[in-house]
Each structure stands twice: as structure tokens, then as C-alpha cells.
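Chains, contacts and geometry: an overview
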Amino acid sequence: MDKIGLFYAPAGGSVEKVARMIKDRLGDRVDLILIDEKTSAEDIEKYKNIIFGISTVGTETWAMESPGNHWAKFMPELEKVNHQGKTYAIYGLGDHLAYANHFVDAMGVLGKELLRQGASIVGQVPVVDYEFDQSEAVIDDHFIGLPLDEDYESEKTPERLNQWLDRILKEFS
Ligand SMILES: Cc1cc2nc3c(=O)[nH]c(=O)nc-3n(C[C@H](O)[C@H](O)[C@H](O)COP(=O)(O)O)c2cc1C
């Protein structure tokens, strides 16, 4: 299997915590890349297998409202990537209690944009495993990636993550 590029932002919170959990499990098979203002399509082009880590912090996650928001700046770069032969998987941090109507929305915005561009995404997760009301990340009763809630369900994260990694590793080339 080709090396996995795990691109994530922001630094210092739950998204990064999960990125490190993945690194602990996969070791040299994965490169962790913190998305900053310089991260570009060229960085993505180096990998065939790509994991994206994103959280939802209101619409500012993707709407260019905050100058320090690296995901918003990075998202337009995806359009320049040749998605042919690449496989993507996404994990998204959220809060299923306080934001039950917008649970992991940013993962949905990112995933739908990738699908619109013709990218191949693996690692969908059935909604029945979660309590929430609405989410942009749901298509046909499945989340487009792995939702994780470190605020109120952190005890479930290790098992959810391990099962998901088992699945996506089989689908990566
Ligand atoms: C201002 C703010 C807005 C948030 N909005 C949402 C939301 O719309 N949907 C959701 O699922 N979680 C929401 N959350 C919860 C975060 O996604 C959650 O705390 C996540 O673990 C943050 O990860 P990070 O620290 O790596 O960014 C919000 C949190 C904050 C502080």
C-alpha cells in the first residue's frame, strides 16, 4: 500500500488529537500534514491515499470568515488536484448534543465538494450508530466519513476509529 497523507486542521484540538491516534496506530505508513496557509494542491498530489481531518466550528470552518481558518483557504486548492487514482477518507469532529442540528456539517461540505469534483471517497458510516437531528454530512442514511465527538462521547472514539481504519485500509491502494 502506498503511504497515506493525513491532512488536518486546526492544530491543538480534537482534530489533531485524532490525527496523532491514527499516527500511533499506523506509524510510518502515514504522514501527518498540518494544513497551514502554504498547503497546496501540490502537497496532495504526492499521495494516492489521503485522509482529511476537519472539525465544525460554525460556518467559519469553510466560509472564509476568519483569517486564521486554514481549511477555508485550503478548500479551493482541491479543485486543482487530479483526483484520478486517488482514494479519500474523511473524519470529522463535532458535538452531537449542543450542535445536534449541524452535527459535523463541515465534513459534509468538504465531502460533497470532493464528490462534485469526481473524487472517490471511502469509509462511509451508517447514521444508526449516532444520536443527532440533522447533518450536512449525511447522504442516503450514511455519513460521508467518520464522525467523532470528543466533547461528549470521547469514550467511543478509540473503537470507532479502529473499526473505521480497518475498513479504509482495505480500500486504500
Ligand atoms: C464556536 C463553536 C461552534 C461549533 N459548531 C459546531 C457545529 O456546528 N457542529 C458540530 O458538530 N460541532 C460544533 N462545534 C463543536 C466542535 O466541532 C468540537 O468541539 C470539535 O471537537 C472541535 O475540534 P477542534 O478543537 O480540533 O477544532 C462547535 C464548537 C465551537 C467552539
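Attention in this report is confined to the structure presented alongside it. (Residues numbered from 1 in each chain as written. Predicted model: local features only at pLDDT ≥ 70, side-chain atom pairs only at ≥ 80, totals over all residues. Heavy atoms only, no water.)

**Describing the site of the ligand**
Residues in close proximity to the ligand total 16 residues, the closest being V15, S55, T56, H102 and D151. S14 is positioned with one of its backbone polar atoms (N or O) 3.0 Å from an oxygen atom of the ligand. Summarising the interface, the protein chains cover 75% of the accessible area of the ligand, which totals 650 Å² for the free molecule. In terms of residue class, the shell around the ligand is made up of seven nonpolar, seven polar and two charged. (Near = heavy atom within 4 Å. Polar contact = N/O pair within 3.5 Å; in protein donor to acceptor, adjacent residues only side chain to side chain. Areas by Shrake-Rupley, 256 points an atom, 1.4 Å probe, with all protein chains shown as cover. Nonpolar A, V, L, I, M, F, W, Y, C, P; charged D, E, K, R; others polar.)

**Observations regarding the packing of helix α1 (residues 14-26) against helix α5 (residues 157-171)**
Here α1 crosses α5 at 55 degrees, and the two axes come no closer than 11 Å. Judged by the angle between their axes, α1 and α5 are oblique. Both α1 and α5 take part in a crossing whose hand is right-handed. Only T157, P158, L161, N162, L165, D166 and L169 of α5 make contact with α1, whose side of the interface consists of V18, M21, I22, R25 and L26. Considering only residue class, the contact of α1 with α5 consists of eight nonpolar, two polar and two charged. (Axes fitted to C-alpha atoms, helices over the stretch in contact; angles between N-to-C directions. Helix = DSSP H or I, 4+ residues; strand = E, 2+ residues; numbered from the N terminus. Parallel < 35°, antiparallel > 145°, perpendicular 65-115°, else oblique. Left-handed = near helix turned anticlockwise from the far one by under 90°. Contact = heavy atoms within 4.5 Å.)

**Some words on the nonpolar core**
F52, Y91 and W164 are the most contacted members of the largest nonpolar core, which totals 53 residues. With near-sequence residues (within four places) excluded, F52 lies in contact with F7, I44, W71, F74, L78, Y88, A89, I90, Y91, L110 and L114. (Core = buried A, V, L, I, M, F, W, Y, C linked by side-chain atoms within 4.5 Å. Buried < 20%, exposed > 50% of the residue type's maximum accessible area, 1.4 Å probe, protein only.)

**Structural notes on the sheet that holds strand β8 (residues 142-143)**
Across the sheet, three strands lie side by side as β6-β8-β7; this open sheet has antiparallel pairing. Of all the strands in the sheet, the pair left with one neighbour each is β6 (125-126) and β7 (138-139). Where β7 and β8 come together, two bridges link them in antiparallel fashion. If you follow I139 over to β8, its bridge partner there is H142. (Pairing = 2+ DSSP bridges.)

**Brief notes about the environment of Y130**
Its place among the elements puts Y130 in the loop between β6 and β7. According to the relative accessible area criterion, Y130 is buried, its value standing at 10%. Spatially, the C-alpha atom of Y130 lies 26 Å from that of R116, the residues being 14 residues apart in sequence. Beyond its immediate sequence surroundings of up to four residues, Y130 is in contact with F103, V125, F143, L146, P147 and R160. Among the polar contacts made by the side chain of Y130, one reaches the main-chain carbonyl oxygen of P147 at a distance of 2.7 Å.

**Here we look at α5**
An ideal rise of 1.5 Å per residue puts 21 Å on 15 residues; α5 measures up with 21 Å between its terminal C-alpha atoms. Within the span of α5, buried status applies to T157, R160, L161, W164, L165, I168 and L169. The buried residues of α5 occupy an angular sector of 150 degrees when projected down its axis, which confines them to one face. Away from the buried face of α5 by more than 90 degrees, exposed residues E159 and K170 are located. Buried residues along α5 sit against β1 (4-8), α1, β3 (49-55), β4 (87-93), β6 and β9 (146-148). (Expected span 1.5 Å × (residues − 1). Arc of directions from axis to C-beta.)

Purely geometric stuff here, so don't read any function into it on its own.
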